[in-house]
Amino acid sequence: MSLATTLPAPLLRAGKTPPALPGLHLTLGITLLYLSLVVLIPLCALVLKTFTLSWSDFLAAVTSPRVLASLRLSFGAALIAATVNAFTGLLLAWVMVRYPFPGKRVVDAMIDLPFALPTAVAGISLTAVLAGNGWIGQFLEPHGIKVAYTPLGVVVALIFIGLPFVVRAVQPVLEQLNPEIEEAATCLGAGPFACFARVVLPLLLPALITGYAMALARGIGEYGSIIFIAGNMPLVSEIAPLVIVGKLEQYDYAGATAVASVMLIASFALLLLINALQAWQRRSSGDLQ
Amino acid sequence: MSSVSRQHRPAPPLGLSRLVLTGAALVLVALLLLLPLAAVFVEALRKGWEAYLAALREPDAWSAIKLTLLAAAIAVPANLIFGVCAAWAVTKHRFWGRSMLVSLIDLPFSVSPVVAGLVYVLVFGAHGWLGGWLQQHELKVIFAVPGIVLATIFVTFPLVARELIPLMQAQGPEEEQAAAILGASGWQTFWRVTLPNIRWGVFYGVILCNARAMGEFGAVSVVSGHIRGQTNTIPLHVEVLYNEYQSSAAFAVASLLTLLALATVFIKSALEWYRDRSP
């Protein structure tokens, strides 16, 4: 409830437009200064450094087989993991919102764990669980499924890291969904599956895709959890951020910058996409409450 | 996430689909989240309590803990002040480029931590923009503590702002406008009207920011130079121990960060529980 509506009328009538709140110049100034110093100017350094490379140098650095393989792994594994997370995230959000069960608060809190757990810790503990002698690995290895130290390990680490994104994007939308919409569908003869697929799912879609894009963006750039589980074999299980680190350690700043600029372009593209999706989500949820 | 008007609906009957879906969700959480969590503590205690405590008492571990605390002690307040200012500017005012500013605040979330570390190397490193000037004045940023602090700030940059912007957006500017009409100054409005409304958001933003600041690995690893006892933070110390095949020592140090993460998610959950009960 807004206080303004409870104020005596003369106070509101005195100025027809509400007064501008103070502090815009101070807070906006601090925001822009800090944003520029910490984020924008350093990122400009990367862009400018990229422009000092000749086009042929840039292409040579980015299209070397080792770099191409690493970009393919980073993007491919992130795509697979985000797709898996779209399904698992939808399942978890559905169960958390619709079904009561004992210990629900604990499970709900646990879902945030990948946000709060340092990536390096996630990396070593997933490796311990999935290695040949680990709790899960010992059952998979006899069947010829190797997870740790393979590209499959990269995917598993990214599924862990990306788990909360879809859940936390879908959960609030599902909570706010008007139950009458589903009741209407049921009254009109839709079975539970048709009701979900043709009524609920389309309403969740903007949030679902937003969560997917966030998990994807996080997965493409992920480093800490992967380097422990991937085995880091060049051309096989080496991710793009690790190639950047390797080039830096050999003082190949130009090469590192070239690969980093490709990743930065992907980050920008995904950021724009996520913003467009969130605008879509605001519009579509506005229609339905 | 804040849910303004939770829709009340009766629990669905205990049918087959409900049992199957709940079961699948619980198995998923157990396999993907609980097992790795348990593995940290089991591995950490594999050689017993003595070895566990010894790994934590080691001088290099101590210096890593101190450096991590220092980096978080600078990064968290800096991002808190920024987050509150940014949220006030974009939610209580209208100006040109507002939505673009909100997008730019999110940018560090989608930049790879390694790229974040690299940009600081390009600015402050020996061959970077300011490298020559820094060398003349015998200042060190890269491979030293200031670089670690900067990288930590970059990675945790949006966390407080991200928590506050949706919250303050939902609350709207009406209460502050009412305070202004009644003659409150800007500071009075902020301390007495805005802050009480957003205090839980601020608190959660700070603890999440703190957990991420203490746990950051990729960006810090690029700028740190891995000098043992000097520029290793707790996560970097875990990596060093792990790569030296001191597995249980690595997990012992990692268990500290795991406890921090657990405390963070459960404080968040408790805050939500408290908020739901006292609207």
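Residues numbered from 1 in each chain as written. Chains lettered and ligands numbered in written order. Predicted model: local features only at pLDDT ≥ 70, side-chain atom pairs only at ≥ 80, totals over all residues. Heavy atoms only, no water.

## Quick word on the overall build of chain A
- Scanning chain A from terminus to terminus reveals 14 helices and zero strands.
- Secondary structure elements of chain A occur, N-terminal to C-terminal, as α-α-α-α-α-α-α-α-α-α-α-α-α-α.
- Taking 19 Å as the expected radius of gyration for a compact globule of 289 residues, we find that chain A reaches 24 Å, considerably beyond that expectation.
- The dimensions of chain A, computed from C-alpha atoms along their principal axes, are 70 × 55 × 30 Å.
- Every one of the 289 residues in chain A was classed for burial, and the buried ones make up 54%.
- The long-range fraction of contacts in chain A, counting pairs at least 24 apart against all pairs at least 6 apart in sequence, stands at 74%.
- Total accessible area on chain A is roughly 12900 Å²; 70% of this is exposed by carbon and sulfur atoms.
- Placing the 15 positive and 13 negative side-chain charges of chain A at their respective mean positions leaves the two points 6 Å apart. (Helix = DSSP H or I, 4+ residues; strand = E, 2+ residues; numbered from the N terminus. Rg over C-alpha atoms; globule rule 2.2 N^0.38 Å. Buried < 20%, exposed > 50% of the residue type's maximum accessible area, 1.4 Å probe, protein only. Contact = heavy atoms within 4.5 Å. Areas by Shrake-Rupley, 256 points an atom, 1.4 Å probe, with all protein chains shown as cover. Lys, Arg positive; Asp, Glu negative; His and termini not counted. Charge placed at Lys NZ, Arg CZ, Asp CG, Glu CD.)

## Some words on the overall build of chain B
- Scanning chain B from terminus to terminus reveals 13 helices and zero strands.
- If you list the helices and strands of chain B from N to C, you get α-α-α-α-α-α-α-α-α-α-α-α-α.
- With 279 residues in all, chain B has 52% of them scored as buried.
- Long-range contacts, defined here as pairs at least 24 residues apart, represent 72% of the contacts in chain B between residues at least 6 apart.
- Total accessible area on chain B is roughly 12700 Å²; 66% of this is exposed by carbon and sulfur atoms.
- Distance from the positive charge centre (19 side chains) to the negative charge centre (15 side chains) of chain B: 8 Å.

## Digging into the interface of chain B and chain A
- Taken together, the contact pairs 102 residues of chain B with 98 residues of chain A.
- Summing both sides of the interface, chain B and chain A together bury roughly 8800 Å²; the carbon and sulfur share of this comes to 78%.
- Our count for the chain B to chain A interface comes out at one salt bridge.
- Per element, the largest residue contribution to the side of chain B that touches chain A is 21 residues, and it comes from helix α1 (residues 16-44) of chain B. (Buried area = accessible area lost by both parts, 1.4 Å probe. Salt bridge = Lys/Arg side-chain N within 4 Å of Asp/Glu carboxyl O.)

## Considering the pattern of salt bridges
- As enumerated under the stated definition, the model contains 11 salt bridges over all chains in all.
- The shortest N-O distance in the salt bridge between Asp112(A) and Lys268(B) comes to 2.6 Å. Residue Asp112(A) is found in the loop between α5 (104-111) and α6 (113-116), and its partner Lys268(B) is found in helix α13 (residues 247-277); the two belong to separate chains.
- With a shortest N-O distance of 3.6 Å, Arg46(B) and Glu43(B) are connected by a salt bridge.
- A residue is classified by how much of its surface remains accessible, and Arg46(B), at 56% relative accessible area, is exposed.
- Judged by relative accessible area, Glu43(B) falls into the buried class, the value being 15%.

## Some points on the packing of aromatic side chains
- Tallying each qualifying case throughout the model produces 16 aromatic pairs over all chains.
- For the ring pair Tyr34(A) and Phe157(B), a centre distance of 5.5 Å and an interplane angle of 15° mean the geometry is stacked. Of this pair, Tyr34(A) sits in helix α2 (residues 24-52) while Phe157(B) sits in the loop between α7 (145-156) and α8 (159-171), placing the two residues on different chains. Side by side, Tyr34(A) and Phe157(B) carry an identical accessibility label, which is buried.
- With a centroid separation of 5.3 Å and 70° between ring planes, the pair formed by Trp200(B) and Tyr274(B) is classed as edge-to-face. Of this pair, Trp200(B) sits in helix α10 (residues 186-215) while Tyr274(B) sits in helix α13, placing them 74 residues apart in sequence.
- Judged by its relative accessible area of 43%, Tyr274(B) falls in the partly exposed class.
- Members of the aromatic cluster, connected to one another through ring pairs, are Tyr223(A), Phe228(A), Phe217(B), Tyr242(B) and Phe251(B).
- Seen from the ring of Trp94(A), Arg98(A) lies directly overhead, with NZ or CZ sitting 4.6 Å from the centre. (Phe/Tyr/Trp six-rings, centres within 6.5 Å; stacked < 30°, edge-to-face > 60°. Lys NZ or Arg CZ within 6 Å of the ring centre and 35° of its normal.)

## A few points about the nonpolar core
- Among the nonpolar cores identified, the biggest contains 174 residues, and Ile244(A) and Val115(B) are the most heavily contacted of them.
- The greatest single-element share of this core, amounting to 15 residues, is contributed by helix α9 (residues 151-176) of chain A. (Core = buried A, V, L, I, M, F, W, Y, C linked by side-chain atoms within 4.5 Å.)

## Examining α13(B)
- The terminal C-alpha atoms of α13(B), which comprises 31 residues, lie 44 Å apart, in line with the 45 Å expected from a rise of 1.5 Å per residue.
- At Ser255(B), α13(B) shows its largest kink, close to 25°. (Expected span 1.5 Å × (residues − 1). Bend = angle between axes of the 7 residues up to and from the residue.)

## Regarding the confidence of the model for chain B
- Residues at a pLDDT of 70 or more form 96% of chain B, whose mean pLDDT is 89.
- Across the interface, the model reports ipTM at 0.89; the global pTM reads 0.90. (pLDDT = per-residue confidence, 0-100.)

## Quick look at the packing of helix α7 (residues 119-130) of chain A against α1(B)
- α1(B) packs onto α7(A) with a crossing angle of 90° between their chain directions and a minimal axis gap of 8 Å. With respect to α1(B), the element α7(A) is oriented roughly perpendicular. For the pair α7(A) and α1(B), contact is made by Val121(A), Ser125(A), Leu126(A), Ala128(A) and Val129(A) and by Leu35(B), Pro36(B), Ala39(B), Val40(B) and Glu43(B), respectively.
- Per-class residue counts for the contact of α7(A) with α1(B) are eight nonpolar, one polar and one charged. (Axes fitted to C-alpha atoms, helices over the stretch in contact; angles between N-to-C directions. Parallel < 35°, antiparallel > 145°, perpendicular 65-115°, else oblique. Nonpolar A, V, L, I, M, F, W, Y, C, P; charged D, E, K, R; others polar.)

## Topic: α8(B)
Residue and element names in this part refer to chain B.
- Over its 13 residues, α8 runs 19 Å from end to end, which matches the ideal 18 Å to within 8%, given 1.5 Å per residue.
- By the burial criterion, the buried members of α8 are Leu159, Val160, Ala161, Leu164, Ile165 and Met168.
- Residues of α8 that are buried make contact with α3 (59-92), α4 (98-110), α7 and α10.
- Positive backbone phi, at 70°, marks Gly172, one or two positions downstream of α8.

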